[in-house]
Amino acid sequence: MATSDGGTALTRRVERLRYPAIVAIVISCGSQAIGGQTGQTAPAVSKKASSFTVPRTADGQPDLQGVWNYGTEMPLQRPAELAGKERLTPSEEAAYREQMAARRRERQNGKPTRYSGEVFDDVLAKADWTKRTSLITDPRDGKIPATTPLAEKRRDERAAAFANPDGPEDLGLADRCILGWSTGPPIIPGNQSNVVQLFQSRDHVVIYTEMIHDARIVPLNDRPAVGTTIREYAGVSRGRWEKDTLVVETTNFTRHGIATLTLRQTGGTDENMHLIERFTRIDPKTLLYEFTVTDPTTWTRPWSAAVTMLKTDEHIYEYACHEGNRSLETMLENARAADKAAAGAAKKPPE
Amino acid sequence: MARRRIGIVTALIAMGAACALIGGILALTAAPSAGQEHTYRAPRTADGTPNLNGVWQAVNTANWDIQTHDQRQGPVLQLGAAFSVPAGEGVVVGDEIPYQPSALAKKKENAEQWLKLDPEVKCFMPGIPRATYMPYPFQIVQTPAHLVFAYSFANASRIVYMNIRVEPQIDTWMGYASGRWEGDTLVIDSTGFNDQTWFDRAGNFHSDALKVTERYTAIGPDALRYDVTIEDPKVFTRPWQMSMPLYRRLEQPPRLWKYNCVEFAEEVIYGHLRKTPKSSK
């Protein structure tokens, strides 16, 4: 398949596709750079007031079609060292980028690694950097709101099950290749495969994410909500146009939550999650993606984030995962080996 | 073809008035023939191409066996009549699959070890053309530049690139698909398959040299004719075809519920690694 950036980037992507298990391991170990304290400022993503007219499809709808790269170095939550700082000046941005690159070099220094820093740089450097310091726009401190006691209990139970899994269901949806990683919904940038393709017919939009080969079909007509009996991992979506903005409302999630790891760290999500996503083209090459999560059994208040997606000539590739999930097998083998070791230790007479 | 049809029409006119009454009766009572099927003109999308948008499904027993088969006991005795195999007519044109001798031996072995070897049991992406005629629906979302095919089974999907040739970079489960319109027929050429998917539960298989040419033609507002040509010089001695109708799911509004089957295959794949066997829970 022809790509704009030629063989090397493609070869790396092919490498990823061939080894989903490796992807699982790396993702499980990565993406931890989020934490910190409360800030004060109120970032809001300004939609560029420009003369850009959104092109139309043959059906006369705003044309959002194309492959969009949502990779970014911008963390979901504002890092501690940037607390209180909503945006960076150009010199601060340059310094921060250098700092992050140094951290990556340090992380892999002298260690064998499947993913070179080069891969990350390659993917992430393409990303737009809008000078904001967190993807979260609300609350104003750029942090995910406090979790409810119920969610904390759930998180601890999940963590305990994960630490010594009895079977696959104790592991994450992404570990099981059911849903993940950055796909959400909501879409939250991760380390790789940060690409989504949008397709539009008169009555449907397809949100086609590479991970894990999910084609989310969003009906556009104002159809009634479905009952609560049927639930899907990626929820059930309905869409509508508000001027040039595609608004997608999603409900009917499962009690397993969604797979985004960052959210797992904060206790995951619940089946009652209600998600609003807004897709708006703000210039020929940029799609603004905003979402608001309301999940009262998980968080004490709703929260919102904004991601800028850049148009790319790359194609979406088939992300087979379950079909070769050696990672899950290994995780369970390790758990059984740990059981055996523990049983052996217990049998030893005290010295 | 057109010339021949004109010839037939001319001949009919020549037979003339004497047969007019009988002819009229025949025309009113005759079932649609294959020739008449192709005279149906599908509604158009806004860009003027035949509109194939919708949720579709095959209604046949091809997923059990693409060749004509008698009824037989299912693999799990406790399921009795609920999961045994009904008889069905084959969807293979001529009902014969031209296997090379060694490949035929492998097909038989596959059939004997079906439950152990069939990728469907493990919820692997089913490949093309099997995804089309599994007993689950699929949805087509059509745009001028691409068609998205989303399949209920295993949440599988593929993107068909219209009017450009996409070259496979690596083997995949669902293939690399290039599409074009030939009159009212959507023609899709797919290559870049791995050798892991099957055609049915009867062990019919292919290699990574598989080339699939699919033809989707609307034969009425709620039906498509689905013709497939299979080429695989590593397994078959010549190309061969399948043909079947596909039906529109008329539920309103149409909705593709995904059969996220990974969780149902985990016991088969990972059950031996469980701390507490499921049966003892």
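Residues numbered from 1 in each chain as written. Chains lettered and ligands numbered in written order. Predicted model: local features only at pLDDT ≥ 70, side-chain atom pairs only at ≥ 80, totals over all residues.

**Details of the overall build of chain B**
Argument step 1. Check the secondary structure of chain B and you find seven helices and nine strands.
Argument step 2. When burial is assessed residue by residue, chain B has 34% of its 281 residues classed as buried.
Argument step 3. A fraction of 58% describes how many contacts in chain B between residues 6 or more apart in sequence connect residues 24 or more apart. (Helix = DSSP H or I, 4+ residues; strand = E, 2+ residues; numbered from the N terminus. Buried ≥ 20, exposed ≤ 12 C-beta atoms within 10 Å, placed from the backbone. Contact = placed C-beta atoms within 7 Å.)

**Let's talk about the sheet that holds strand β4 (residues 157–162) of chain B**
Residues and elements named next belong to chain B.
Argument step 1. Overall, mixed pairing links the nine strands, which are arranged β1-β2-β3-β4-β5-β6-β7-β8-β9 in a closed barrel. The average undirected angle you get between the axes of adjacent strands in this sheet is 30°.
Argument step 2. With six bridges connecting them, strand β6 (residues 185–191) and strand β7 (residues 211–220) associate as antiparallel partners. Across the sheet, V187 pairs through a bridge with R215, a residue of β7. (Pairing = 2+ DSSP bridges. Axes fitted to C-alpha atoms, helices over the stretch in contact; angles between N-to-C directions.)

**Concerning the interface of chain A and chain B**
Argument step 1. The partner chain B presents 39 residues to the 42 residues of chain A that form the contact.
Argument step 2. Contributions of two or more residues to the side of chain A that touches chain B are made by α1 (6–18), β3 (195–200), β4 (204–209), β5 (214–219) and α7 (326–347) of chain A.
Argument step 3. Considering every element that reaches the side of chain A that touches chain B, the biggest residue donor is α7(A), with six residues.
Argument step 4. Among the residues forming the side of chain A that touches chain B, the class breakdown is 20 nonpolar, seven polar and 15 charged. (Nonpolar A, V, L, I, M, F, W, Y, C, P; charged D, E, K, R; others polar.)

**Things to note about the environment of F83(B)**
Residue and element names in this part refer to chain B.
Argument step 1. As for its position among the elements, F83 is in the loop between β1 (54–57) and α4 (101–112).
Argument step 2. When the 12 C-beta atoms within 10 Å are taken as the criterion, F83 is described as exposed.
Argument step 3. Excluding residues that lie within four positions of it along the chain, F83 makes contacts with G74 and V76.

**A short note on the pairing of strand β8 (residues 274–283) of chain A**
Residue and element names in this part refer to chain A.
Argument step 1. Relative to β8, strand β7 (residues 245–251) is paired through five bridges, and the arrangement is antiparallel. Note on β8: the bridge partner recorded for L246 is F279.
Argument step 2. Relative to strand β9 (residues 286–294), β8 runs antiparallel, the two being bridged by nine bridges. Each bridged residue has a counterpart across the sheet, and for L275 the counterpart in β9 is V293.
Argument step 3. Where β8 folds back on β9, the antiparallel hairpin that results is connected by two residues.

**Focus on the confidence of the model for chain B**
Argument step 1. In the predicted model, chain B carries a mean pLDDT of 89, and 85% of its residues have values of at least 70.
Argument step 2. Low confidence marks residues 1–37 of chain B, where pLDDT is under 50. Its contacts with residues over four positions away, or in another chain, come to three contacts. (pLDDT = per-residue confidence, 0-100.)

**Some thoughts on the nonpolar core**
Argument step 1. Judged by nonpolar contacts, the single largest core of 107 residues is most densely connected at V206(A), Y289(A) and V148(B).
Argument step 2. Not counting chain neighbours up to four residues away, the residues in contact with Y289(A) comprise Y70(A), I187(A), E277(A), F279(A), A306(A), V307(A) and M309(A).
Argument step 3. L171(A), L328(A), M331(A) and L332(A) belong to the second largest nonpolar core, which has seven residues in total. (Core = buried A, V, L, I, M, F, W, Y, C linked by C-beta atoms within 7 Å.)

**Notes on unusual backbone geometry**
Argument step 1. Between D138(A) and the following residue, P139(A), the backbone shows a cis peptide bond with an omega angle of 10°.
Argument step 2. Of note, the amide linkage connecting G184(A) to P185(A) takes the cis form, showing an omega dihedral of 0°.
Argument step 3. If you trace the backbone, P185(A) turns up in the loop between α5 (149–163) and β3.
Argument step 4. In this structure, C177(A) is a non-glycine residue whose phi angle is positive, near 60°.
Argument step 5. Within the secondary structure, C177(A) sits in the loop between α5 and β3.
Argument step 6. Phi angles above zero are rare outside glycine, and N163(B) is one such case at about 60°.
Argument step 7. Relative to the assigned elements, N163(B) resides in the loop between β4 and β5 (176–182).

**Things to note about the pairing of β4(A)**
Residues and elements named next belong to chain A.
Argument step 1. Burial analysis of β4 places six of its six residues in the buried class, the great majority of the element.
Argument step 2. Residues H204, V206 and Y208 of β4 are buried on one face, and the alternating residues V205, I207 and T209, pointing to the opposite face, are buried as well.
Argument step 3. Counting the residues in the hairpin turn of β3 and β4 gives three residues.
Argument step 4. In this antiparallel pair of consecutive strands, β4 and β5, the connection spans four residues, and H213 shows a positive phi of 35°.

**Side note on the environment of D203(A)**
Argument step 1. Topologically, D203(A) is positioned in the loop between β3 and β4.
Argument step 2. Placed 36 residues apart in sequence, D203(A) and G239(A) show a C-alpha to C-alpha distance of 9.5 Å.
Argument step 3. Each residue touching D203(A), except ones within four places of it in the same chain, is listed here: P219(A), L220(A), N221(A) and N53(B).

**Let's talk about the confidence of the model for chain A**
All names here are of chain A.
Argument step 1. For chain A, the average pLDDT comes to 79, and 75% of its residues sit at 70 or higher.
Argument step 2. Put simply, helix α2 (residues 20–29) is where chain A has its lowest mean pLDDT, 32, and β4 is where it has its highest, 97.
Argument step 3. This model gives residues 1–44 a pLDDT under 50, and the stretch forms 85 contacts once residues within four places in sequence are excluded.

**Side note on helix α7 (residues 262–270) of chain B**
Argument step 1. Those residues of α7(B) that fall on the buried side of the exposure criterion are V262(B), E266(B) and Y270(B). Buried residues in α7(B), looked at end-on, bunch into an arc of 60°, giving them a common side.
Argument step 2. Structurally, α7(B) contributes buried residues whose contacts are with α7 of chain A. (Arc of directions from axis to C-beta.)

**Some points on the environment of M244(B)**
All names here are of chain B.
Argument step 1. Structurally, the position occupied by M244 is in strand β9 (residues 240–248).
Argument step 2. The buried category is assigned to M244, around which 21 C-beta atoms lie within 10 Å.
Argument step 3. Considered as a pair, M244 and V59 are 185 residues apart in the sequence and their alpha carbons are 9.1 Å apart.
Argument step 4. Aside from chain neighbours lying at most four places away, what touches M244 is A58, N60, A62, V91, Y133 and Y226.

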